[in-house]
Amino acid sequence: NSVGLVPTMGALHEGHLDLVAKSKSDSDITVVSIFVNPTQFNDISDLEKYPRNLDNDLEKLRKFNPDLVFVPEVEEIYPEKPLVKFEFSGLGDSLEGAHRPGHFNGVGIIVTKLFHILHPTHVFFGQKDLQQVAIVRRLIKDLSFDINITVVPTRRAEDGLALSSRNARLSPEERSTALILFNSLIYAKDELLKGANWFAVKEKINRRFLEEPRAKLEYVELVKSETMETVSSITPEDSCSICIAAFVGETRLIDNMTVTV
Ligand code: PAF
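Everything in this summary refers to the structure shown in the same document. Keep in mind that this is a model prediction, so the values were computed, not measured.

## Considerations on the packing of helix α7 (residues 103–118) against helix α8 (residues 130–142)
For any two helices packed against each other, the geometry comes down to the angle between their axes and how far apart the axes lie.
Right, so step 1: Running from amino to carboxyl end, α7 crosses α8 at an angle of 50 degrees, the nearest separation of the two axes being 11 Å. In terms of axis orientation, α7 runs oblique to α8. In the crossing of α7 with α8, the sense of the turn from one axis to the other is right-handed. Every residue of α8 that contacts α7 at F104, V107, G108, V111, T112 and F115 is listed here: Q131, Q132, I135, V136, L139 and I140.
Right, so step 2: The class makeup of the residues in the contact of α7 with α8 is eight nonpolar, four polar and no charged.

In structure tokens form, the structure reads like this:
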């Protein structure tokens, strides 16, 4: 049997459910894991505030009838603080890796543990976590896991905001402000396709954020989608993506958009 794994931290939304639906259609057995992984949070208050609602999650999953929902306790996964450390060199140094020190070490540890515990043949990730996808691809290769990775497109609200468990923390005003991430990506993509200079585009996005008191830009970068290497222009040889991270109020959001010439 093929075993599809959908790793999540709960607070499930339609984006997660797309992954579950994909696993159901591609695999004989579908396992969904729900575990808010403490080792990938570099900020303790972010971990404490992370939305949790297991009953709601199980209710949402019922419709998809997964074969197993794996909801371990922190003590079961981490009987001791792991000594092993993951370092993804160039892949993990930019973007999220640069702004959330230790984040990808924690992702590497939990994903490896889930692979060993649940023995998936297939694993499903969302495009929204582009750098995480690149990291997990490499982890699978470097550690010789016999696992196929499938990336599912980002699910967006009607106005374009990428669905995220963190959106639940936005006030109604912040929810409308949050659209600045999507609008910046659309603007950047259009400009790049028209041949604009990336640094001019970046500067304009920076200015837009400075005019918005409820939002604070953390980064906006143009990268090669596979290697996460920052670049200053799009080329026909490589798929490039614009990646953005920003605080809206106290909530940190990320998004990305692929641009191909
Ligand atoms: O993308 C997430 O929700 C998490 O990083 C993951 C992959 C479930 C690991 O905790």
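## Quick notes on the sheet that holds strand β4 (residues 122–126)
Sheet strands associate in pairs through backbone hydrogen bonding, adopting either a parallel or an antiparallel arrangement.
Right, so step 1: Across the sheet, five strands lie side by side as β3-β2-β1-β4-β5; this open sheet has parallel pairing. Looking at strand neighbours, the two that pair on one side only are β3 (68–70) and β5 (148–152), the edges of this open sheet. Between one strand and the next, the sheet's axes are offset by a mean angle of 25 degrees, whatever the strand orientation.
Right, so step 2: In this structure, β4 lies alongside β5, joined through five bridges in parallel fashion. Considered in β5, the bridge of V123 is made with I149.
Right, so step 3: Contacts between helix α1 (residues 14–26) and the sheet are confined to β1 (3–8), β2 (29–34), β4 and β5, with β1 contributing the most and set at about 170 degrees to the helix.

## A word on the site of the ligand
Right, so step 1: Every residue close to the ligand is listed here: P7, T8, M9, N37, Q40, I110, F125, D129 and Q132.
Right, so step 2: In this structure, Q40 approaches the ligand through a side-chain N or O atom, which is 2.6 Å from an oxygen atom.
Right, so step 3: One of the side-chain N or O atoms of Q132 is found 2.7 Å from an oxygen atom in the ligand.
Right, so step 4: Surface burial for the ligand is 90%, taken as the share of its 290 Å² of free accessible area covered by protein chains.
Right, so step 5: Grouping the amino acids of the shell around the ligand by side-chain chemistry returns four nonpolar, four polar and one charged.

## A look at the nonpolar core
Right, so step 1: In this structure, V111, F115, V123 and I140 are the most contacted members of the largest nonpolar core, which totals 37 residues.
Right, so step 2: With eight residues, α7 is the largest single contributor of residues to this core.
Right, so step 3: The contacts of V123, once residues within four sequence positions are left out, are L5, P7, F115, I140, I147, N148, I149 and T150.

## Considering the side chain of S225
Right, so step 1: Secondary-structure assignment places S225 in the loop between β6 (215–224) and β7 (240–248).
Right, so step 2: Owing to a relative accessible area of 11%, S225 belongs among the buried residues under this scheme.
Right, so step 3: Within the structure, the side chain of S225 is placed 2.8 Å from the side chain of S241, a separation counted as a polar contact.
Right, so step 4: With residues up to four places along the chain from it excluded, the contact list for S225 reads S239, C240, S241 and T258.

## Quick notes on helix α11 (residues 198–210)
Right, so step 1: Taking 1.5 Å of rise per residue, the 13 residues of α11 would be expected to cover 18 Å, and the 18 Å separating its terminal C-alpha atoms lies within 8% of that figure.
Right, so step 2: Listing the buried residues of α11 in full gives W198, V201, K202, I205 and F209. End-on, the buried residues of α11 take up no more than an arc of 100 degrees, which puts them together on one face. Along α11, exposed side chains directed more than 90 degrees from the buried face belong to F199 and L210.
Right, so step 3: Sitting at the head of α11, N197 places a side-chain oxygen 2.7 Å from the backbone nitrogen of F199.

## Some thoughts on the sheet that holds β6
Right, so step 1: Taken in spatial order, the three strands make up an open sheet running β6-β7-β8, and their pairing is antiparallel. Of all the strands in the sheet, the pair left with one neighbour each is β6 and β8 (251–259). Recorded for the sheet is a direction-independent mean angle of 15 degrees between the axes of neighbouring strands.
Right, so step 2: Of the strand pairs in this sheet, β6 and β7 are connected by nine bridges, and their pairing is antiparallel.

## Observations regarding the pattern of salt bridges
Right, so step 1: A complete count under the given rule lists 19 salt bridges for this structure.
Right, so step 2: Taken together, the shared-partner salt bridges in this structure form one network comprising D46, E96, R100, R166, R169, E218 and R252.

Each value, and the rule that gives it
- Residues numbered from 1 in each chain as written.
- Predicted model: local features only at pLDDT ≥ 70, side-chain atom pairs only at ≥ 80, totals over all residues.
- Heavy atoms only, no water.
- Axes fitted to C-alpha atoms, helices over the stretch in contact; angles between N-to-C directions.
- Helix = DSSP H or I, 4+ residues; strand = E, 2+ residues; numbered from the N terminus.
- Parallel < 35°, antiparallel > 145°, perpendicular 65-115°, else oblique.
- Left-handed = near helix turned anticlockwise from the far one by under 90°.
- Contact = heavy atoms within 4.5 Å.
- Nonpolar A, V, L, I, M, F, W, Y, C, P; charged D, E, K, R; others polar.
- Pairing = 2+ DSSP bridges.
- Near = heavy atom within 4 Å.
- Polar contact = N/O pair within 3.5 Å; in protein donor to acceptor, adjacent residues only side chain to side chain.
- Areas by Shrake-Rupley, 256 points an atom, 1.4 Å probe, with all protein chains shown as cover.
- Core = buried A, V, L, I, M, F, W, Y, C linked by side-chain atoms within 4.5 Å.
- Buried < 20%, exposed > 50% of the residue type's maximum accessible area, 1.4 Å probe, protein only.
- Expected span 1.5 Å × (residues − 1).
- Arc of directions from axis to C-beta.
- Salt bridge = Lys/Arg side-chain N within 4 Å of Asp/Glu carboxyl O.

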